[in-house]
Amino acid sequence: MRAVLGLFTYVDALLEAAGRLKDSGYGVTIFSPIPLGHEIEHTLGGRKNHIRYFAFFGAVIGFIFGVLLTLGTAAMYVLPRGGKPIFSITPTLLISYETAILFGVLISFIGFCIFARLPYYGKKIYDDKVGVDSFGLLVDNIRDNKIGDVENILKEYGADEVKRVEEK
Amino acid sequence: MATNLTESGMEKMPYKEVNDDVVRTMTHSGKGYYIALALSISVAVLAWGLPWAYQIFTGQGVTGLHSPVYWGIYLANFIFWIGISHSGTLLSAILFITQTPWRRSIYRSAEAMTFFSVLTAAIFVFVHMGRPWNFYWTIPYPNQRQLWLNFQSPLMFDVFAISAYMTSSMIFLYFGSIPDLAAVRDRVTGWRKSLYTWLALGWRGTDAEWHWLSKAYTFFAVFIIPLAVSVHSIVSWDFALSKVPGLNKTIFAPYFVVGAIYSGSAGIVTLMVILRKTLKIEKYITLNHFDKLGILLLVMSLLWSYINFLEVFTGWYADTSFENESLIYRMLTPPFAYMFWLMIFTNTFMPLLLIFRKVRSSIIISLIISLGINVGMWIERYLIIVTSLPRKFLPYAWHDYFPSWVELSITVGSFAFFSMLFLLFVKFWPSLSIYEIKEDIGIPMQKEKGH
């Protein structure tokens, strides 16, 4: 499908253009060299934060893993040591604390990879300039007879460069 | 009022200049860099690698370890390096949560410092082992007779805490660098292009990617803070859970955590002074950064001194002969007394100079104070171990410990090993955070905001 990429110098101009195009029913993606979280939320609405479930369940799974590892292995081979308890609470909690955090971090990282769809090494629409000092606005979901209109809107809002790109 | 300075005190500049400068630090190396790298590799091999090989081949008898002192300078180095590791990731996470602007220029190198010092510390565990090839015995793995680890041993807590900390620090460092690795990917050619394409995971800087990055990063920061605190508490319990006079103190966990943040912050100051000069990045690491780090050092110094005083006081207040003996041995018996009072001078009195703004803004005095603090912190760890174990309960078992040349050489080598890792890091990794410095510069807006 055809898409149009506009490169902007100023973020407010880009966001105004993005807001108008989104309201008109186009799909918009914003590229930026810095995070624009609040600014984008303000114009285009907020996003959900699913990572928190990954962080929470990661930590819970890690904790259970720690408990099973310490108590379970003690049960597998009962080895009395100088009157010390076979199932000891403090070390169990300590090890479980560490594994809870470790699993929380690892599973949050996996969550990030799933939602951000990374790693991806294939070809996707991208312009090197958005890693430096340009802000990109990719508009897709455009009918063929509307491409000219979209390009004009982008230029009207002050895009420095507008180009047609091919979406996979 | 419009100002030309950013929130963190840097001069504002075009975004492109940040990319140019950071890529330059990675791709342009002078003769001095190669000399430093060659020197650090050589010293690491000669002072660490070879004596360690000799120790493995000959046995632990080549060290000064002898009954009743089986923990010596190796474990002092282990705690020292774990301590140095503390400020990087922990400070970065705390400053991220509190949204402190001056974090942005320094945190990347600080996090790298964490990772490399944990690595150096971890290798000391191997050096300390008589049979390092049996290291895997400390890792839980299924085995035929179901004979698992003894999880009630503080040394096992260590294995878990440090592996979790090392893994999490590595992820924290890598994760925060992904957008910068992509920025570098777009600028370089040849083998570097392939390397950074692979490392950047295909990052394009879309709004969705930034959204998930910032959410996940916040969780990482939240996870890292309690983890870092637990790691050094657990390291302290290696000692505090024993019954040795001078070691079995309940104050050890906070004492170690505060000491670790203290030495780590001093490590950051030392590193920043060297980095900004050698990489010519003075405009990113400004006097304002040193001013803020100076205040942090001052606060940590006061905290550390207070806990240090308490540690001595509680021992003295208990008034048991064993406890008194270990205090006399540490504080009044040469050569340890010289070391102890030097530590008090460098870590309690010298940092008081940081009360003055002029001192905090002086690079050279900051460097001297930070180096002094780390000398003091190394002494602290050394004294904790080597003045407690030789004076246990029964005087007929007393035996003084002095490190042998092998132990001293490996200690020197560890500093070279750390330097080598860091020198490689500055060429392979963006040592400044490109996107966060840009955030500090501000978002380019056509219409000026009202405030």
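Counting from 1, residues in each chain are numbered in the order their sequence is written. The naming scheme follows written order: chains are lettered A onward, ligands numbered 1 onward. Per-residue local features are limited, in this predicted model, to residues with pLDDT of at least 70; the limit for side-chain atom pairs, both in listing and counting, is 80 or more; totals at the level of whole chains, interfaces and linings are taken over all residues.

Focus: the overall build of chain A
And then number 1: Helix numbering and strand numbering both begin at the N terminus, where a helix is a DSSP run of H or I of at least 4 residues and a strand a DSSP run of E of at least 2. A tally of regular secondary structure across chain A gives 5 helices and 4 strands.
And then number 2: Our radius of gyration looks at C-alpha atoms and nothing else; its globule reference is 2.2 Å times the residue count to the power 0.38. For a compact globule of 168 residues, the expected C-alpha radius of gyration is about 15 Å, and chain A comes in at 25 Å, more than 25% above that figure.
And then number 3: With the C-alpha coordinates aligned to their principal axes, the bounding extent of chain A is approximately 85 × 30 × 30 Å.
And then number 4: It is the C-beta atoms, placed from the backbone, that decide contacts: two residues are in contact if theirs lie within 7 Å. Considering only residue pairs separated by 6 or more positions, chain A has 84% of its internal contacts joining residues 24 or more positions apart.

Side note on the overall build of chain B
And then number 1: Counting secondary structure elements, chain B contains 15 helices and 0 strands.
And then number 2: By the compact-globule yardstick of 22 Å for 451 residues, chain B fits well, its C-alpha radius of gyration being 23 Å.
And then number 3: Expressed along its principal axes, the backbone C-alpha trace of chain B runs to roughly 80 × 55 × 45 Å.
And then number 4: Exposed residues have 12 or fewer other C-beta atoms within 10 Å of their own C-beta, buried residues have 20 or more, and partly exposed residues fall in between, where C-beta atoms are placed from the backbone. For chain B, the proportion of its 451 residues judged to be buried stands at 48%.
And then number 5: In chain B, 81% of the contacts between residues at least 6 apart in sequence involve partners at least 24 apart.

Remarks on the packing of helix H4 (residues 89-116) of chain A against helix H5 (residues 154-185) of chain B
A pair of packed helices is captured by two measures, namely the crossing angle of their axes and the spacing between those axes.
And then number 1: At a minimum axis distance of 9 Å, the contact between H4 of chain A and H5 of chain B shows a crossing angle of 20 degrees. Classified by the interaxial angle, the pair formed by H4 of chain A and H5 of chain B is roughly parallel. With respect to the hand of their crossing, H4 of chain A and H5 of chain B are arranged in left-handed fashion. Only Phe157, Phe160, Ala161, Ala164, Thr167, Ser168, Ile171 and Phe175 of chain B of H5 of chain B make contact with H4 of chain A, whose side of the interface consists of Leu94, Ile95, Glu98, Thr99, Ile101, Leu102, Val105 and Phe109 of chain A. Interaxial angles span 0 to 180 degrees and are taken between N-to-C directions of axes, which are lines fitted to C-alpha atoms, for helices over the stretch in contact. In these notes the angle categories are as follows: under 35 degrees is roughly parallel, over 145 is roughly antiparallel, 65 to 115 is roughly perpendicular, and the rest is oblique. Here a crossing is called left-handed whenever its near helix is offset anticlockwise from the far helix by less than a right angle, and right-handed whenever the offset is clockwise.

Quick notes on the interface of chain B and chain A
A common measure of how large an interface is: the accessible area buried when the components associate.
And then number 1: If you look at the interface, chain B gives 51 residues, while chain A gives 54 residues.
And then number 2: Of all the secondary-structure elements, those providing two or more residues to the side of chain B that touches chain A are helix H1 (15-27), H5, helix H7 (207-240) and helix H15 (434-441) of chain B.
And then number 3: Broken down by element, the residue count for the side of chain B that touches chain A peaks at 16 residues, all from H7 of chain B.

Some thoughts on unusual backbone geometry
And then number 1: With omega at 0 degrees, the peptide bond leading from serine 67 of chain B into proline 68 of chain B counts as cis.
And then number 2: You can see proline 68 of chain B is positioned in the loop between helix H2 (31-58) and helix H3 (73-97).
And then number 3: With a phi close to 55 degrees, arginine 117 of chain A is a non-glycine residue in the positive phi region.
And then number 4: When you line up the elements, arginine 117 of chain A lands in the loop between H4 and strand E3 (135-140).
And then number 5: On the basis of neighbour count, arginine 117 of chain A is assigned to the partly exposed category, with 14 C-beta atoms found within 10 Å.
And then number 6: For glutamine 99 of chain B, which is not glycine, the phi torsion reads 50 degrees and is therefore positive.
And then number 7: Among the secondary structure elements, glutamine 99 of chain B is positioned in the loop between H3 and helix H4 (103-128).
And then number 8: The exposed category is assigned to glutamine 99 of chain B, around which 8 C-beta atoms lie within 10 Å.

Here we look at the sheet that holds strand E1 (residues 2-8) of chain A
Residues and elements named next belong to chain A.
And then number 1: What makes two strands pair is DSSP finding at least two bridges between them. Spatial strand order, E2-E3-E1-E4: 4 strands in an open sheet with antiparallel pairing. Two strands in the sheet have a free side with no partner beyond their single neighbour: strand E2 (27-31) and strand E4 (161-166). On average, adjacent strands in this sheet sit at an angle of 20 degrees to one another, irrespective of strand direction.
And then number 2: Inspection of the sheet shows E2 paired to E3 by 5 bridges, in the antiparallel sense. Residue isoleucine 30 lies in a different strand from E3, and its bridge partner there is leucine 137.
And then number 3: Sheet contacts for helix H1 (residues 11-23): E1, E2 and E3; angle to E3, the most-contacted strand, approximately 10 degrees.

Observations regarding the domain arrangement of chain A
And then number 1: Annotation comment: domain bounds sourced from an automatic or database domain assignment. The domain architecture assigned to chain A consists of domain 1 (2-47 + 123-166) and domain 2 (51-116).
And then number 2: The C-alpha-based centres of domain 1 of chain A and domain 2 of chain A are spaced at 45 Å.

Let's talk about H1 of chain A
Residue and element names in this part refer to chain A.
And then number 1: A helix's residues, less one, multiplied by 1.5 Å, set its expected span. Given a rise of 1.5 Å per residue, 13 residues ought to cover 18 Å, and the 18 Å separating the end C-alpha atoms of H1 matches this to within 8%.
And then number 2: Looking at H1, one finds that the buried residues are Val11, Ala13, Leu14, Leu15, Ala17, Ala18 and Leu21.
And then number 3: For H1, the secondary structure elements touched by its buried residues are E1, E2, helix H2 (37-44), E3 and helix H5 (147-156).
And then number 4: Following H1 by one or two positions, glycine 25 adopts a phi angle in the positive range, close to 95 degrees.

Regarding the packing of H4 of chain B against helix H8 (residues 252-278) of chain B
All names here are of chain B.
And then number 1: In contact at an axis separation of 10 Å, H4 and H8 are set at 120 degrees when each is read in the N-to-C sense. One way to sum up the angle between H4 and H8 is to call them oblique. Where H4 crosses over H8, the handedness of that crossing is right-handed. Contacts between H4 and H8 involve Ile106, Ser109, Ala110 and Met113 on the former and, on the latter, Gly267, Ile268, Leu271, Met272 and Leu275.

Comments concerning the environment of serine 134 of chain A
Residue and element names in this part refer to chain A.
And then number 1: Note that serine 134 resides in the loop between H4 and E3.
And then number 2: It is 8.4 Å that separates the C-alpha atoms of serine 134 and phenylalanine 31, two residues lying 103 residues apart in sequence.
And then number 3: Setting aside its immediate chain neighbours within four residues, serine 134 contacts Leu7, Phe8, Thr9 and Lys129.

Remarks on the pairing of E3 of chain A
All names here are of chain A.
And then number 1: Counted residue by residue, E3 has 5 buried out of 6 residues, so it is predominantly covered.
And then number 2: Taken together, the 5 bridges between E1 and E3 define a ladder with antiparallel strand orientation. Paired with glycine 6 across the bridge in E3 is leucine 137.

Examining the pairing of E1 of chain A
All names here are of chain A.
And then number 1: The buried count for E1 comes to 6 of 7 residues, which makes it a mostly enclosed element.
And then number 2: One ladder, built from 6 bridges, connects E1 with E4; its direction is antiparallel. Bridged to leucine 7 within E4 is glutamate 161.

Section: the environment of aspartate 400 of chain B
Residue and element names in this part refer to chain B.
And then number 1: The residue aspartate 400 is located in the loop between helix H13 (363-386) and helix H14 (405-428) in this model.
And then number 2: Residue aspartate 400 is classed as partly exposed on the basis of its C-beta count, with 14 C-beta atoms lying within 10 Å.
And then number 3: C-alpha separation for the pair aspartate 400 and isoleucine 281, spaced 119 residues apart in sequence, amounts to 48 Å.

Some thoughts on the environment of tryptophan 210 of chain B
And then number 1: Along the polypeptide, tryptophan 210 of chain B turns up in helix H7.
And then number 2: Judged by C-beta crowding, with 22 C-beta atoms within 10 Å, tryptophan 210 of chain B ranks as buried.
And then number 3: With 179 residues separating them in the primary sequence, tryptophan 210 of chain B and lysine 31 of chain B have C-alpha atoms 39 Å apart.
And then number 4: Not counting chain neighbours up to four residues away, the residues in contact with tryptophan 210 of chain B comprise Ser32, Pro35, Leu36 and Gly37 of chain A together with Gly205 of chain B.

Observations regarding the confidence of the model for chain B
And then number 1: Per-residue pLDDT for chain B averages 90, and the proportion of residues at 70 or more is 98%.
And then number 2: The complex prediction reports pTM at 0.92, with the ipTM value standing at 0.93. As a per-residue measure, pLDDT reflects the predictor's confidence and takes values from 0 up to 100.

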